[in-house]
Structure formats: structure tokens, C-alpha cells
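As a plain string of letters, each chain reads:
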Amino acid sequence: MLTMHVVDKPYNYSLIIALIVLLNIINGFAQKKLSLDSYAYKKIEAVYNKVKAAAGDYRRELPKLVLMERAIRVASYRSQDNTLIIEKKAFDVCESMGKDVESALAFLIGHELTHFYQQHDWEELGFGTTFLVEKEIFDKHVHHETEADVYGAFIAYVAGYNTLELIPVLLDKLYKTYNLEDNLVNYPSLSERKRVTEKVKSRVLDLIKVYDNANYFTALGWHIQAVSCYEYLLKFLKTKELYNNLGASLLAIAIQQQDNSYCYPLELDLNNVLRGWVDKTEGELLEFAMKYIKIALEFDGSYFTGYLNLAIIYDLEKEYDQAQTTLKLASSCSQSVIEKANIAILEGIIYAHLQDKKLAEIYFNKAYNFTINLAIRTITTHNIKVSKGERIRLETEPMTKMQDMLDGVPLLESPPIKFHQTLTFLEGFMGITKMHFSEYPHSDLVCLETKSSFDLHKTYFVLQSTQKLSTHKGIRVGSTVSSLRKVYDSIQNPKIVHHRNGYFLIYRSLGLIFKINNKELLEEWALFLTY
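Residues numbered from 1 in each chain as written. Predicted model: local features only at pLDDT ≥ 70, side-chain atom pairs only at ≥ 80, totals over all residues. Heavy atoms only, no water.

Turning our attention to the overall build of the protein chain. Scanning the protein chain from N- to C-terminus turns up 17 helices and twelve strands. Looking at the protein chain as a whole, 55% of its 531 residues qualify as buried. Nonlocal contacts in the protein chain, meaning residues at least 24 apart in sequence, comprise 62% of its contacts between residues at least 6 apart. Summed over all atoms, the accessible surface of the protein chain reaches about 24700 Å², with 52% contributed by carbon and sulfur. (Helix = DSSP H or I, 4+ residues; strand = E, 2+ residues; numbered from the N terminus. Buried < 20%, exposed > 50% of the residue type's maximum accessible area, 1.4 Å probe, protein only. Contact = heavy atoms within 4.5 Å. Areas by Shrake-Rupley, 256 points an atom, 1.4 Å probe, with all protein chains shown as cover.)

What follows is the structure in C-alpha cells.
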């Protein structure tokens, strides 16, 4: 009898894993992809492009978008070939949301794009992540899924989509369309998923409040307070805009610390009522500003605003050659006439500092003639006067004429003391900060309470905004800029500060700030006051 002795050999796990990955890829390619020219693909691609731009993170090659004719996972990110997949059935569900179709798509795209940024690569899912994930994996990675929902919803908001209110309805439709019962053995139940999204909604609303108010603070010249907000946001979210805004706010504070007669094209209000309040040297401020702006440029090497702000830092540090080199990089990224005008303004300031006043005036005039934009022309007119030897001091006009009141809150009498919610920012660059919120029937109030380590007293910055009420002069949301300015410009010339989707008009002596959209219509207005 012949006996065979079989020798056990160790499994080649690397080979097995490689085969699994290969089979997954083959399976993915075997499934039908819809044409890039299809209506559905073009619709998804338009939303994807806006969400990518809002995130602004181009440090790695972004996933290619694929629309798949299948009904398995809703949406997924596949890391082995860097692909973001949306299923046609999921698109049809989003399409059924009517006017909210793009917001629904933005939520799904933002969720999976976050997994790309996270780079989780969960082995249990074949080296990828999916929206419709098995319950065991969902429970194990619920933190990552929550993080994906938070980041995705916030980025969708920045991109202009309102996803928070529609998530429960979208989940209902997805579970029904994919024939999933409420209680499942292999998948998280609909109620479980909704519980997670409720927590997500609460967190994202807090982040949006901080973000929106930080932009108001920046426009008002409350840069120290804006720094506290951006620091807080960056603990949870990493975007080029947040890093740049933090750096730009620090840069604005540094400019306030010096006796500089020229106006820089920061598009920020430099009339800060707290000039000299920061216990940081100009050099320290510029060092931190450069650090954060360079991080923003790591996210996006074609970021015009980042290069412009970096060039301003080099000018303030008297590194004029480096400033001009950086401006060339900004120029290679510029597209709009306003961006070209900003470059010309900074070129003029650099030449003025090099004592070439004639060439400086040429660049200032060049900037003036680029556009009829009021903010640009105000800056260039100011700088031309300075280059001719005129000494001009930018003084903050005291608030003496506030005539409006929202929801009966007497802001002129004393700072508010009753609040519905408080966020505490742990001590950061600018000390301990508390952000108090109150909701009234027709308005929202925020009170930023600050106390630095070297200040004996607290300072309060109050902003009360509304989209529902009219000013006492009849200006309300939807009013045209021309009608607004016809009423208020006779009282005071406004300060104009640009933002992502329009600009702010600020009437400081009246304690009024108006948020204008890119259609030249009033989107929101607010009262502001400091104590």
C-alpha cells in the first residue's frame, strides 16, 4: 500500500488578497457604466464639481466619477482604482426629490468623497467604502460614518446646497427603493441610520452657525473673534477656505499692529475697533498667518487667494523679490478682473515700498481702470493719495445712530444675558472664547464673549440677524441693492467687503450690515454692537 505524506504549506495571503482585489475590480468593470453624455451623469458631475471645489483639497488625484447601472450599494468609494460610484437607481431616488435633487446628490457625493479624504480602506469591504454598509461594519466604524456625514453635509452647505432637512426623507426613499425593511439582520435599520443623522444634523448646524458668523465677524473687522471661530472649525473640518481665512484674519491683525498707510487688497475691513488688543508681535502674527496660508496652498496649488495673501506677507516682511515672485504665481491662477486688479494694487504697494512712487501710481491707476467695482476703486483712490504724500488715517466711526430693533431685544441698553445654547472654545491663539446663541421668532442672535489672559474684563460682540423682518426704513430680504443704497447712502457711505457669493454693505454708525447675493439682492441683514 502506497501511503502519501502531504506536507502542509502556509497560505500565500498576499496572493489571496491580490486575487480578491482583482476579482472586485473585474466585477466592477463587468457591470454596466452609463455614458458620460447621459443626462444623469451630467447632472451628477455638475454637483460633484461644486462639492470638490467647496472642499478645495487637491493634494491627491481626486476620484473619477462613475455612474453604474446597478442597485447594490447606493453609492461607494472604491480605493483600489480611486473611483466614486453613484448607482442609477440612487440617482432616480434623488431625482424624485424634485427641487431638492441636487442637494440630495450633494449629500451622497459628499459622504463618499469624505471617505476618500479619510482613506479608511476598510478590508471588510473589499478595500472600499459604501453608503449601504453591512450592520457589523457600520457598528464598528460608526464614528467614521458619522464623520463622513458631518463633513459631507458641511461641504455641501459651503457649495450652496441645503442637505440637512432632506436627509430623513432621502433615507426613507432609499430604503424603500432598495427593498430594505426597517429592521434588518445584515444592515443597520432605518431607525438606526436616522438616529445617527439626527446627531449629525445637530453637529453640522453648530458648525454652520460658527462658520456663518465668522464670515460676518471678518467683514466687520472683528478679526480676533474670527480667528477664534476658524480655530474651532478646523478642529472638525479641514478645507482650504478655513485655513486661508484663519491665515488672512491673522494677517489683517498684523496689518493693524503697524502704522501702514497703504490699503492691502485683503477684501477685509481693517477698521478693527480693537487695534492693539492682541498680545502677539507683528512677527508672530505673520509667522502664524504664513503657516496657515501655506497649508491652504498645499490643498490647492492653483489657489489665487492663497498666493495673493502670501505675497502680502512677504511685502510686510520686506521680502519684495519673494513678494513679486509669489504675485506671478497668483497671476497664473487669476481669472476675474477683480483678481487682476488686486494683483495690480499689491504691485503698486511693493513699488511704493521700493521708493518707486511713479511706477506705484501706474499700477494703482491700472487697478482703478480694470473694473468699476466700488471696493477696488476705493482702495486704489486711497493708495494714490498716499503715494502722493497725503497722510490718511482710517478711523472707526462711532456708532451713534442705531435706529432698528429686532424682536424687541434692546441691544443699545446692555448685552444680552439669556441664551439658548453656548459653545465654549478651549483656549487657542486668542484666549478663551464662548459663543452664545439665542433664537427669536424672527431673528437669530449670537454673542461672542472673550477674555484674554492679559485682560481684566470680558468683551462682548453681538450680532443679531434676520431674513424675515424689515428695517425701520422698509428694506427687507429681496430688496435690490439700488433701493437699499438709495435709502442709506445719504446717511453714511458704506464699507464694502466681498464674500464667496456676493458682498457685504456695512453702515457702521447705524450698526447695520447687509449681506448681498450675486444677483444684487438682499439675502440677510443684521444689527451689530460691541460692549
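All right, on to helix α8 (residues 190–220) then. For α8, which comprises 31 residues, the first-to-last C-alpha distance of 44 Å matches the rise-based estimate of 45 Å (1.5 Å per residue) to within 8%. At the C-terminal side of α8, Gly-221 shows a positive phi close to 85°. (Expected span 1.5 Å × (residues − 1).)

Helix α14 (residues 337–353) packs onto helix α12 (residues 304–316) with a crossing angle of 10° between their chain directions and a minimal axis gap of 11 Å. Here α12 lies roughly parallel to α14, going by the angle between them. Counted together, Phe-304, Leu-308, Ala-311, Ile-312 and Asp-315 of α12 and Glu-339, Asn-342, Ile-343, Leu-346, Ile-349, Ile-350 and His-353 of α14 form the full contact between these two elements. The residue inventory of the contact of α12 with α14, partitioned by class, reads eight nonpolar, two polar and two charged. (Axes fitted to C-alpha atoms, helices over the stretch in contact; angles between N-to-C directions. Parallel < 35°, antiparallel > 145°, perpendicular 65-115°, else oblique. Nonpolar A, V, L, I, M, F, W, Y, C, P; charged D, E, K, R; others polar.)

Under the 1.5 Å per step criterion, the end-to-end length of helix α4 (residues 101–118) is 26 Å for 18 residues, consistent within 8% with the ideal 26 Å. Along α4, 17 of the 18 residues are buried, which leaves the element largely enclosed by surrounding structure.

On to the side chain of Ser-103, then. Within the secondary structure layout, Ser-103 lies in helix α4. Ser-103 sits in the buried class, given a relative accessible area of 9%. Those residues in contact with Ser-103 that sit more than four places away from it in its chain are Tyr-161, Asn-162, Thr-163 and Leu-166.

What follows deals with unusual backbone geometry. Note: most peptide bonds trans; most residues except glycine with negative phi. Of note, the phi angle at Asn-82 is positive, near 50°, even though the residue is not glycine. Here Asn-82 shows up in the loop between β2 (75–78) and β3 (83–87). You can call Asn-82 buried: its relative accessible area is 16%.

Moving on: the packing of aromatic side chains. Taken as a whole and judged by the stated rule, the model has 20 aromatic pairs. Measuring from centroid to centroid gives 5.1 Å for Tyr-216 and Phe-504, while their planes differ by 50°, and the two rings are tilted. On the criterion of sequence distance, the pair formed by Tyr-216 in helix α8 and Phe-504 in strand β10 (residues 502–507) is long-range, its members being 288 residues apart. For Tyr-216, a relative accessible area of 3% puts it in the buried group. Ring geometry for Tyr-351 and Tyr-363: centres 5.5 Å apart, planes at 10°, overall stacked. (Phe/Tyr/Trp six-rings, centres within 6.5 Å; stacked < 30°, edge-to-face > 60°.)

Following both chains from N to C, one finds helix α2 (residues 39–55) and helix α3 (residues 88–95) inclined at 75°, their axes separated by 11 Å at the closest point. Judged on the interaxial angle alone, α3 and α2 are roughly perpendicular. On α3, the residues that touch Tyr-39, Ala-40, Lys-43 and Ile-44 of α2 are Lys-88, Phe-91 and Glu-95. Residues that form the contact of α2 with α3 fall into these classes: four nonpolar, no polar and three charged.

Time to look at the environment of Asn-365. Position of Asn-365 relative to the elements: it lies in helix α15 (residues 357–370). When its relative accessible area of 34% is taken as the criterion, Asn-365 is described as partly exposed. With 24 residues separating them in the primary sequence, Asn-365 and Ala-341 have C-alpha atoms 9.6 Å apart.

This brings us to the nonpolar core. Grouped together as the largest cluster of nonpolar side chains are 143 residues, with contacts concentrated most on Leu-170, Leu-251, Leu-346, Met-435 and Ile-513. It is α8 that contributes the most residues to this core, 13 residues altogether. Within the second largest apolar cluster, 24 residues are counted, among which are Val-409, Ile-496, Leu-522 and Trp-525. (Core = buried A, V, L, I, M, F, W, Y, C linked by side-chain atoms within 4.5 Å.)

As a further point, take the side chain of Ser-38. In this structure, Ser-38 sits in the loop between α1 (13–30) and α2. Looking at Ser-38, its side chain comes within polar contact range of the main-chain nitrogen of Tyr-41, at 3.2 Å. (Polar contact = N/O pair within 3.5 Å; in protein donor to acceptor, adjacent residues only side chain to side chain.)

For the rest of this paragraph, the subject is the pairing of strand β12 (residues 522–530). A large share of β12 lies buried, amounting to seven of its nine residues. As defined by bridge partners, strand β8 (residues 459–466) adjoins β12 across six bridges and the pair is classed as antiparallel. Residue pairing across strands places Gln-464 opposite Leu-527, the latter belonging to β12. A loop of four residues connects strand β11 (residues 512–517) with β12, the two strands running antiparallel in sequence, and Glu-520 in this loop sits at a positive phi of about 65°. (Pairing = 2+ DSSP bridges.)

What follows concerns the pattern of salt bridges. Scanning all chains against the criterion turns up eleven salt bridges. Of the charged contacts in the structure, one is a salt bridge between Asp-92 and Lys-88, with a shortest N-O distance of 2.8 Å. With a gap of four residues between them, Asp-92 and Lys-88 both fall in helix α3, about one helical turn apart. Judged by its relative accessible area of 36%, Asp-92 is partly exposed. Look at Lys-88 and you get buried, because its relative accessible area is 19%. The residue Asp-300 makes a salt bridge to Lys-240 at a minimum N-O spacing of 2.7 Å. Taken together, the residues span a long stretch of sequence, with Asp-300 in the loop between α11 (282–299) and α12 and Lys-240 in helix α10 (residues 240–256) at a distance of 60 residues. When its relative accessible area of 8% is taken as the criterion, Asp-300 is described as buried. (Salt bridge = Lys/Arg side-chain N within 4 Å of Asp/Glu carboxyl O.)

A separate point is the confidence of the model for the protein chain. Of all residues in the protein chain, 81% have pLDDT values of 70 or greater, and the mean over the chain is 82. Confidence over residues 120–128 falls short of pLDDT 50; this stretch has 30 contacts with residues more than four positions distant or in other chains. (pLDDT = per-residue confidence, 0-100.)

Looking at where Lys-173 falls in the secondary structure, it is placed in helix α7 (residues 167–177). Residue Lys-173 is classed as partly exposed on the basis of its relative accessible area, which comes to 30%. Once the C-alpha coordinates of Lys-173 and Ser-96 are considered, the two residues, 77 residues apart in sequence, prove to be 8.9 Å apart. Discounting residues that sit within four places of it in the chain, Lys-173 has contacts with Val-93, Ser-96 and Met-97.

Another aspect to go through is the environment of Ile-313. Inspection of the secondary structure puts Ile-313 in helix α12. Linking Ile-313 and Glu-287, residues 26 residues apart in sequence, is a C-alpha distance of 8.9 Å. Once you skip the residues sitting within four places of it in the chain, Ile-313 turns out to touch Leu-251, Leu-286, Ala-289, Met-290 and Ile-293.

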